[in-house]
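These are the residues of each chain, in order.
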Amino acid sequence: MSDFGKASEGAKMSFADAMSYGDYLGLDAILTAQHPLSQAHDEMLFIIQHQTSELWMRLAIHELQAAREVMLTDNLQPAFKMLSRVARIFEQLNNAWDVLRTMTPSEYTAFRPSLGSSSGFQSHQYRLIEYLLGNRNKALLQLHEHKSEAHGALSDELARASLYQVAIDLLCRRLGTAELAGEPGQEAWAARPEVQDLWQRVYEAPGAHWELYELAEKLVDLEDYFRRWRFNHVTTVERIIGFKRGTGGTNGVAYLRKMLEVELFPELWHVRGAL
Ligand code: HEM
Ligand SMILES: N[C@@H](CC(=O)c1ccccc1NC=O)C(=O)O
């Protein structure tokens with residue numbers, strides 16, 4: 001018997017009546033969901049790049065929602081694990097740009113007309129991540145009016161405190177001050193000096209507030225990886241389409257550069273200059 005034969009002896013070989021690998025993972029649905037609209041070779045890369053990104057975003061949402069839940073009950077250790085995982089997911093998305101960057105402008109323009117007005121700007125999962133973290137812009141809900149499920153999930157999210165608001169409430173509770181975060185925000189979180197002062201107390205005495213200190217650093221880490229994603233995106237876009245308008249209708253690179261200025265957790269960045 002061959003080495004393979006010996007080593008694999010006893011392997012289950014028939015799955016007519018049992019759940020197999022592909023059944024469990026739903027591979028029939030995933031692997032038949034690539035529908036290029038052109039004859040261009042690189043369109044398959046483009047589709048799979050986005051589909052895998054959306055799958056990682058799905059996991060990021062799952063982790064961020066669960067992290068917020070446990071933070072509401074002051075249970076920070078599991079939240080730390082989940083936030084670290086989300087930072088790693090962003091790192092995974094960051095590394096994925098290397099695959100997409102192998103596509104030149106000539107190769108992209110061969111199928112770009114097939115994309116019509118579709119664009120990542122309309123990614124509801126991406127928008128949910130931004131909303132969850134606290135970068136809210138209610139006006140963008142309109143993009144999803146034609147899809148009731150996505151629209152519902154995004155508007156439900158706007159009715160809840162963002163992960164950062166929940167972190168600020170927790171900071172207030174632990175430091176014995178009245179809660180400051182207020183009602184769930186509908187617009188981007190704006191920096192508040194009182195919040196920065198509270199984070200400053202944490203950074204000035206980490207030993208006395210170790211869990212808050214760890215929470216602050218997990219959030220900064222997460223935003224750090226998120227910023228790298230934004231930067232990689234805009235650089236890849238400039239490399240591939242230069243300064244053309246986006247298919248989604250924005251002014252393209254100029255819009256994405258503006259987004260580089262977003263501060264998800266502003267007080268955590270500003271406090272550094274006060275230490
Ligand atoms: C050839 C590669 C790509 C090009 C040329 C490109 C181009 C653009 C442009 C021009 C925009 C601005 C909106 C518009 O007017 O269309 C945009 C937004 C966006 N793209 Fe891409 N993109 C590329 C790849 C990706 C990939 C791989 C993802 C991953 C899912 C992605 C996700 C997004 C998201 C989420 C937005 C909205 C960003 C925001 O509103 O802050 N893009 N993209
Ligand atoms: N906005 C891109 C098109 C684009 O990248 C795109 C189109 C359809 C599905 C996902 C996309 N990715 C990110 O925006 C462009 O202007 O070329």
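Rules and cut-offs
Residues numbered from 1 in each chain as written. Chains lettered and ligands numbered in written order. Predicted model: local features only at pLDDT ≥ 70, side-chain atom pairs only at ≥ 80, totals over all residues. Near = placed C-beta within 6 Å. Helix = DSSP H or I, 4+ residues; strand = E, 2+ residues; numbered from the N terminus. Axes fitted to C-alpha atoms, helices over the stretch in contact; angles between N-to-C directions. Parallel < 35°, antiparallel > 145°, perpendicular 65-115°, else oblique. Left-handed = near helix turned anticlockwise from the far one by under 90°. Contact = placed C-beta atoms within 7 Å. UniProt positions renumbered as here; feature names shortened; annotations may be inferred. Buried ≥ 20, exposed ≤ 12 C-beta atoms within 10 Å, placed from the backbone. Nonpolar A, V, L, I, M, F, W, Y, C, P; charged D, E, K, R; others polar. Core = buried A, V, L, I, M, F, W, Y, C linked by C-beta atoms within 7 Å.

Chemist: Teacher, can you tell me more about the site of ligand 1 here?
Modeler: In the vicinity of ligand 1 there are 24 residues, among which S119, G120, G246, G248 and T250 approach most closely. Looking at the shell around ligand 1, the elements that each hand over two or more residues are α4 (43-72), α11 (210-241) and α12 (253-259). Examining the composition of the shell around ligand 1, we find that five residues originate from one element, α11, more than from any other.

Chemist: Is there a simple way to think about the packing of α4 against helix α7 (residues 124-133) in this case?
Modeler: Interhelical geometry of α4 versus α7 gives an angle of 25° and a closest axis separation of 9 Å. On the basis of their axis angle, the class for α4 and α7 is roughly parallel. Remark: the crossing between α4 and α7 carries left-handed chirality. Listed contacts from α7 to E54, M57, R58, A60, I61, L64 and Q65 of α4 are Q125, Y126, L128, I129 and L132.

Chemist: Mind showing me how you'd approach the UniProt feature "binding site: substrate" (unreviewed entry) in the protein chain here?
Modeler: The residues that UniProt annotates with the feature "binding site: substrate" (unreviewed entry) are F46, I47, I48, Q49, H50, Y108, R112 and T247. For Q49, the position within the fold is in helix α4. Apart from the residues lying within four places of it in its own chain, the contact partners of Q49 are A96, V99 and L100. Residue H50 is classed as partly exposed on the basis of its C-beta count, with 14 C-beta atoms lying within 10 Å.

Chemist: Would you explain the site of ligand 2 in this entry?
Modeler: Around ligand 2 lies a shell formed by H50, R112, L115, S118, S119, G120, I241, G246, T247 and G248. Considered class by class, the residues forming the shell around ligand 2 number two nonpolar, seven polar and one charged.

Chemist: Before we go on, may I ask you to explain the UniProt feature "binding site: heme" (unreviewed entry) in the protein chain in this structure?
Modeler: In the numbering used here, UniProt assigns the "binding site: heme" (unreviewed entry) feature to H233. Examined against the element boundaries, H233 turns out to sit in helix α11. With 18 C-beta atoms counted inside 10 Å, the residue H233 sits in the partly exposed group.

Chemist: Explanation requested: the nonpolar core in the structure shown.
Modeler: Side chains of a nonpolar character, in soluble globular proteins, are inclined to be buried together. Counting 41 residues, the largest nonpolar core has V86, L163, Y164 and A167 as the members making the most contacts within it. For this core, the secondary structure elements donating two or more residues are α4, α5 (76-100), α7, α9 (163-175), α10 (193-204) and α11. No other element matches α5, which puts eight residues into this core. Dropping the residues within four chain positions of it, A167 is found in contact with M71, L215 and L219.

Chemist: Looking at this structure, how should I read the environment of G246?
Modeler: Summarising the element assignment, G246 is placed in the loop between α11 and α12. Sequence separation between G246 and S119 is 127 residues, and the spatial gap between their C-alpha atoms is 7.6 Å. Apart from residues lying up to four places away in sequence, G246 is in contact with S119, F121, G252 and Y255.

Chemist: Looking at this structure, how should I read α7?
Modeler: Along an α-helix, residues three or four positions apart point the same way, because every turn accommodates 3.6 residues. For α7, the buried fraction is high: eight of the 10 residues fall into the buried class. What α7 keeps buried is the set H124, R127, L128, I129, E130, Y131, L132 and L133. On its buried face, α7 sits against α4, α8 (148-158) and α9. Residue G134 follows α7 closely and has a positive phi angle near 125°.

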